[in-house]
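Residues per chain, in single letters:
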Amino acid sequence: MKSVYKTTTSVLFFFQNQRSKVKNTLRLLKKCTLRKVWNFLKLVISFYLSKWSKKPIHWGFPVAVAIEPTTACNLRCPECPSGLRAFTRPTGMLSESLLYQIIDELQDVLLYLTFYFQGEPYLNPRFLEMVSYATQRNIYTITSTNGHYLTDEIAQRTVLSSLDCLIISIDGVTQETYQSYRKGGSLQKVIEGTKNIVKWKKLLKSSVPHVVFQFLVVKPNEHEIPQVYQLAHQLGVDEVRLKTAQIYDYQNGSELIPTISQYSRYALGNDGKYYIKNRLTHSCWKMWHSCVITWDGKVVPCCFDKDAHHTLGQLSAEQSLKKVWKSQEYRSFRSKILQSRSNIEMCQNCTEGTKVWN
């Protein structure tokens, strides 16, 4: 009887999951304007022309930007530079003035803003004010948190900020499993924080944020995948996403690589070494439509450049993002991508799609 209940719950949550995804997608599409659509089309056309010609043709400006609220973090997760305190770049907090400069410049073309790169966003005391500034300018906003700072007050403010999507990392449904990856973390705090968000959404009659449980699948927690769906259903979470883990030194194997093949980025070869599954093609859609900005204004190609080794520009009062986006440094990097991604170290461990629509 218990197994029948679990199965029924899983099926019901699956349909709820799909319905929530559709609503979230429609919310994103509502942010579109003719100017944003035209800008997007220019990016798509120039991307495919570049693939065909092997020349870095580029029209338009980024439709998606990730901005780092801070590099600081309260946890010590393995395979995470913030958690390992392994950065060579300084730790600090994004300023409102820098954020406002970026948004004011791009608001006519920017569709999607991720308030996350490295670190825990809620450690920035002005984080929610920045979210509000972006949402008021018709930009879809999303962030990712470890869920330890979602107190009742912060949860209320999060809902009032009109943040569109809140990803909460929950890599286990028991404390033992959870802390095997989320070193120094408390599963109970994450659950209480989730309850606070769901409660304030109901009290304020708000459809946002779209709440996502993100489950990073690693060997120690893969047996708890079914239970995370059940927990999400119990708490009123909108969606569950299973994410594959990036392992830095994967060739000789790792205790984190899942045994369930579909949740692993890597496969064991005949020579006893592990290999990344995807084929490395010489193009990258991310380099045409998006970029990442560190807390102190460095512009880097994508989220795989965690320590900002490939800085393409430095934002300042005199240096705008549009200038950096069209600079010779960016053009040269796009050219390298088109010639051989295999010669760029961070690309060698990349599993991102290289098509606009995968």
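Here is a short report on the structure shown in this document.

Parameters and conventions
- Every chain is numbered independently, its residues counted from 1 as its sequence is written.
- Only residues with pLDDT of at least 70 get local features here, since the model is predicted, and only at 80 or more are side-chain atom pairs given and counted; chain-wide, interface and lining totals rely on the full set of residues.
- Only hydrogens and water are set aside when side-chain values are computed; all heavy atoms of the structure are taken into account.
- Starting at the N terminus, helices and strands are each numbered in turn, a helix being any DSSP run of H or I of at least four residues and a strand any DSSP run of E of at least two.
- Any pair of nitrogen or oxygen atoms within 3.5 Å is treated as a polar contact; in protein, a donor-acceptor pairing is required on top of that, and neighbouring residues in sequence qualify only through side-chain atoms on both sides.
- Here a residue-residue contact requires only that any non-hydrogen atoms of the pair lie within 4.5 Å.
- Salt bridges are defined as contacts in which a side-chain nitrogen from Lys or Arg sits within 4 Å of a carboxyl oxygen from Asp or Glu.
- Three exposure classes are used, based on accessible area relative to the maximum for each residue type with a 1.4 Å probe and protein chains only: buried under 20%, partly exposed in between, and exposed over 50%.
- Strand pairing is assigned whenever DSSP detects at least two bridges linking the two strands.

1. Remarks on the side chain of H148
Next, step 1: Mapped onto the secondary structure, H148 falls in the loop between strand 3 (140–145) and helix 6 (152–160).
Next, step 2: Here N146 takes part through its backbone oxygen, which lies 3.1 Å from a polar atom of the side chain of H148.
Next, step 3: A distance of 2.8 Å separates the side chain of H148 from the backbone nitrogen of S186, its partner in a polar contact.
Next, step 4: Every residue in contact with H148, bar those within four places of it in the chain, is listed here: N74, L75, Y178, G185, S186, K189 and V190.

2. Describing the pattern of salt bridges
Next, step 1: This model, assessed by the stated rule, comprises twelve salt bridges.
Next, step 2: The partner of K31 in a salt bridge is D164, and the shortest N-O contact between them spans 3.7 Å. Of this pair, K31 sits in the loop between helix 1 (2–29) and helix 2 (34–53) while D164 sits in the loop between helix 6 and strand 4 (165–169); the two residues are 133 residues apart in sequence, bridging distant segments of the chain. Taken individually, K31 and D164 each receive the classification buried, so the pair is uniform in this respect.
Next, step 3: One connected set of salt bridges, linked through shared partners, spans E96, R126, E129 and R157.

3. Quick notes on the sheet that holds strand 5 (residues 210–217)
Next, step 1: Pairing in this open sheet of nine strands is mixed, and the strands run 6-5-4-3-2-1-9-10-11 from one edge to the other. Across the chains shown, the open sheet's two edge strands, defined by having one partner strand only, are strand 6 (239–244) and strand 11 (313–314).
Next, step 2: Sheet topology note: the strand 4/strand 5 ladder contains five bridges and is parallel. Following the sheet pairing, S169 is matched in strand 5 by Q214.

Geometric descriptors of this kind do not, in isolation, establish any biological role.
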